[in-house]
Amino acid sequence: MSQMRVGIMSFAHHHAERYAELLSSMGGVDLVGFSDDDADRARRVTRQYGLRNFGTGDVLLEQNLDAVIVCSENIRHCPDVQLAADAGVPVLCEKPFATAVADALSMQERCERNHVSLRTAFPMRFSEPIQRVQAAVASGRLGQIRFIEGLNQGQMPDAHRSWFVDPSLSGGGAITDHAVHLLDVFRWILDDEPISVYAQANQRVGDPGLSLETCGLLAIAFERGTLATIDCSWSRPACFPTWGGLSFTLTGTSGSAEVDAFGRRLSWIDDRDRRLTWDDWGPDADLAMLEDFLSVARGEPSPVSNAADGLRGVELVVAAYASLRTNRVVALDNSIEVPRADLGEHLGRVGELSSDQIVGEHRIAGLAGESPRAVRDP
Amino acid sequence: MLRVGVLGGGFIARTHLRSWTRIGVETHLYARRGSEQLALDFSVTTHPDPESLMAAVDVVDICLPSDLHASHAVAAALRGRDVICEKPIATTLGDATRVCAAFRTTGRRLLVGHVVRYFPEYASVREGVAAGRIGDIAVVHLGRETFAPNRGAGDWLFDERRSGGILVDLMIHDIDYAQWIAGPIIRVYAQTARVRSTTFDDHAVALITHKNGVLSHLTASWAKERPIFRTRIEISGASGLVSHDSRDSDPVRTTPALDELEGAEVGLPGTAHLATGDDPFTAELRDFLTCLVNGSEPRVTSVDSISALRAALAARESASCGEPVDLGSSK
């Protein structure tokens, strides 16, 4: 089999570095290069990974790529994915998929129109512990899941990437950054859709001068009666032994489960840098996700996730911000259909929307014959 | 020697009697049921009715079902007695208000047994947080998960009209702790459900917003397997983090388990059974007695107990209507 030519659009998101490491060591992959509009960052990437810098996304996309990964700042996901779609290159997009529902829909629509595979980076569907608990729930052994208590906390991200705390680039704070992984995991495990969200947030960690939320608690009600709560705060201290974590407890009518996606932990103490460090020695979910993306890019079907799950995340985040403004529960629309199985080429068939469709307080123009108007959260 | 009269014959009455024996007071007891066994296990003077007990003591210690707290507290105050009362102070705000009025008018003192403030790990966390060890508090997680007490289906505890349900009986411990840690509560969103029980809600979750913006996530459960009683604390702040999990805190683990709780009717956290020094109930009752004698304020006041009840009742309202409830608007 010939090598797959892969590119990375922007190293704004730090996950790009992990992808670069993984792709560089994968057989059958030629990591052709990257694009980045930050010259300093681009120089560092070239120095560190030996990657060729093509400057801009459109030049990168001219390099006969078989697949591209978008790791730009959140609000740039939409134009970058559209560029990839127009170039006919299958694309994996970092989360959050987009910062506005209209953007998410236009990304999907553009990829569908160009027959281009579009995936969202949700590695937790490839997490071996989470796959195991998904199977346990599906088997019925835990009964009906009535409550889920979820934790996906991280450190303040401005230590490594300042755009995370600039709302004009990130679209929002901790809720934007950390709510969507667990939402996607819960949707998958429960095989159910969220119908409402209540959110509360504060800015009590991080620089007092920031203008976005740094801590958040969400309560998400699902259609069949589960209540899931998520702590998505940037509340791990700077000297925490690791970046954060993802764990949850399922309370079911016949049993319960406690899951720690990074529970295979080694503790290292190094007196030279005076640190305790936790390393996860479990199988690499990012690697499994990349392998799955590349096989989708080759046209092979995948049973795992699809870009419409990214859209659900965006809808939730938008509704969560509406809840912050009103301090009330906000209903989720769910009228946009999310196909249950991903058939590879066929992604998130969006269907017609009426011109006054409202999702999470954001008006979305009908797709038929009209380009969607991008609506931003204030 | 001070004379203390315990009203009640159940599990908590037994726990209090054990403490009063350790503290060393003259103990009296009235119980509709169960007084014979308690009289055998403890050195107490039993009484045929509450009035007889109240006449014979200085302090009345109410260990009755929750819906009986208010009437007996008021009766004791009118009888000229100071009162120690198990949580909750009452099961309705109306009753709580009546209780407060009675103690205000009579000048007697009321101390409500929110004992979690006297658990050493909880007190120590609070002390460290107040001293700034984690900076400004941001997010609080509290969990209290155990099995449903081994009682008949008709028991008062499982009758929400009598006990207030899981939010007023169990979660109220952590509601009080959250307000002690993070200050006044302005908004509550809660949900309860039947998980293992088919007749009563045995699991609850609450999202609490404090006036200063701190967010608290509380879990309370009667849906665990016996003999589990797990308590958890995690508090993150601007410059640090503190956590405790009772599951990881047992200094002695034996196989087979030597835990005397194996056959217990009701769970108590493992740290409740400190053999040397004061167990939390003894520490609490000792502090209450000292405050009654000195006229000083204890670690938890009756005002605290009312705001805890108000928040617990708001949680119940939220669970039934499916929306958050703002405090300040509720009377």
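Coordinates for the structure precede this section.
Values in this document were obtained by computation on a predicted structure and should not be read as measured data.

## Let's talk about the overall build of chain A
1) Next: Each helix and strand counted, chain A has 10 helices and 16 strands in total.
2) Next: Counting only residues that meet the buried cut, chain A has 60% of its 378 residues in that class.
3) Next: Sequence-distant contacts in chain A: of pairs separated by 6 or more residues, those separated by 24 or more amount to 71%.
4) Next: Summing over all exposed atoms, chain A offers an accessible surface of approximately 15100 Å²; the carbon and sulfur share of this is 49%.

## Some thoughts on the nonpolar core
Soluble globular proteins tend to pack their nonpolar side chains together in the buried interior.
1) Next: If you look at the biggest cluster of nonpolar residues, it comprises 74 residues, and the most contacted ones within it are B:Val60, B:Val83, B:Ile175, B:Tyr177, B:Ile235 and B:Leu309.
2) Next: In terms of residues, this core owes the most to one element, helix H8 (residues 165–182) of chain B, which gives 12 residues.
3) Next: Within the second largest apolar cluster, 70 residues are counted, among which are A:Leu23, A:Met26, A:Ile69 and A:Leu92.

## What about the packing of helix H4 (residues 77–86) of chain A against helix H5 (residues 101–113) of chain A?
Residues and elements named next belong to chain A.
1) Next: The contact between H4 and H5 brings their axes to 9 Å, and the two run at 5°. Between H4 and H5, the interaxial angle falls into the category roughly parallel. In this structure, H4 uses His-77, Cys-78, Val-81, Gln-82, Ala-85 and Asp-86 to contact H5, whose residues at the interface are Asp-103, Ser-106, Met-107, Arg-110 and Cys-111.
2) Next: Partitioned by chemical class, the residues of the contact of H4 with H5 number 5 nonpolar, 3 polar and 3 charged.

## Notes on unusual backbone geometry
Of all residues except glycine, most have a negative phi; of all peptide bonds, most are trans.
1) Next: Note that the residue after B:Lys87, namely B:Pro88, is joined by a cis bond; omega there is -5°.
2) Next: Structurally, B:Pro88 can be placed in the loop between strand E5 (82–86) and helix H5 (93–106).
3) Next: Look at the link from B:Arg226 to B:Pro227: it is a cis peptide, with omega at 5°.
4) Next: Looking at where B:Pro227 falls in the secondary structure, it is placed in the loop between strand E10 (215–221) and strand E11 (229–237).
5) Next: Here A:Ser10, not a glycine, exhibits a phi torsion of approximately 80°, which is positive.
6) Next: Residue placement: A:Ser10 occurs in the loop between strand E1 (4–9) and helix H1 (15–25).
7) Next: Since its relative accessible area comes to 7%, A:Ser10 is described here as buried.

## Notes on the interface of chain A and chain B
Buried accessible area, meaning the area lost when the parts come together, often serves as the stated size of an interface.
1) Next: Contacts between the two partners involve 34 residues from chain A and, on the opposite side, 39 residues from chain B.
2) Next: Carbon and sulfur atoms supply 56% of the area buried between chain A and chain B, which totals about 3000 Å² over both sides.
3) Next: Our count for the contact surface shared by chain A and chain B stands at 6 salt bridges.
4) Next: In this structure, B:Glu323 and A:Arg328 form a salt bridge, with 3.3 Å as the shortest nitrogen-oxygen distance.
5) Next: Linking chain A with chain B are 18 residue pairs in polar contact (both at pLDDT 80 or more).
6) Next: Residue assignment for the side of chain A that touches chain B shows that the elements contributing at least two residues are strand E6 (145–151), strand E7 (194–202), strand E8 (215–222), strand E9 (227–231), strand E10 (247–252) and strand E11 (256–260) of chain A.
7) Next: Considering each element in turn, the side of chain A that touches chain B owes the most residues, 5 residues, to E8(A).
8) Next: Partitioned by chemical class, the residues of the side of chain A that touches chain B number 13 nonpolar, 14 polar and 7 charged.

## Quick word on the side chain of A:Asn202
1) Next: Among the secondary structure elements, A:Asn202 is positioned in strand E7.
2) Next: Given a relative accessible area of 6%, A:Asn202 falls into the buried group.
3) Next: At 3.0 Å, the side chain of A:Asn202 forms a polar contact with the backbone nitrogen of A:Arg204.
4) Next: Of note is the side chain of A:Asn202, whose polar atom sits 2.9 Å from the backbone oxygen of B:Gly213.
5) Next: Not counting the four nearest positions on each side in its chain, A:Asn202 is found in contact with A:Glu213, A:Thr214, A:Cys215, B:Ala138, B:Gly213, B:Val214 and B:Leu215.

## Examining the pattern of salt bridges
All names here are of chain A.
1) Next: Here the structure, examined in full by the defined rule, presents 52 salt bridges over all chains.
2) Next: Notably, a salt bridge pairs Arg-110 with Asp-86, separated by 2.8 Å at the nearest N-O pair. Note that Arg-110 is positioned in helix H5 and Asp-86 in helix H4, a separation of 24 residues in sequence.
3) Next: One network of salt bridges, with partners in common, ties together Arg-125, Asp-184, Arg-187, Glu-193, Asp-309, Arg-312 and Glu-315.

What counts and how
- Residues numbered from 1 in each chain as written.
- Chains lettered and ligands numbered in written order.
- Predicted model: local features only at pLDDT ≥ 70, side-chain atom pairs only at ≥ 80, totals over all residues.
- Heavy atoms only, no water.
- Helix = DSSP H or I, 4+ residues; strand = E, 2+ residues; numbered from the N terminus.
- Buried < 20%, exposed > 50% of the residue type's maximum accessible area, 1.4 Å probe, protein only.
- Contact = heavy atoms within 4.5 Å.
- Areas by Shrake-Rupley, 256 points an atom, 1.4 Å probe, with all protein chains shown as cover.
- Core = buried A, V, L, I, M, F, W, Y, C linked by side-chain atoms within 4.5 Å.
- Axes fitted to C-alpha atoms, helices over the stretch in contact; angles between N-to-C directions.
- Parallel < 35°, antiparallel > 145°, perpendicular 65-115°, else oblique.
- Nonpolar A, V, L, I, M, F, W, Y, C, P; charged D, E, K, R; others polar.
- Buried area = accessible area lost by both parts, 1.4 Å probe.
- Salt bridge = Lys/Arg side-chain N within 4 Å of Asp/Glu carboxyl O.
- Polar contact = N/O pair within 3.5 Å; in protein donor to acceptor, adjacent residues only side chain to side chain.

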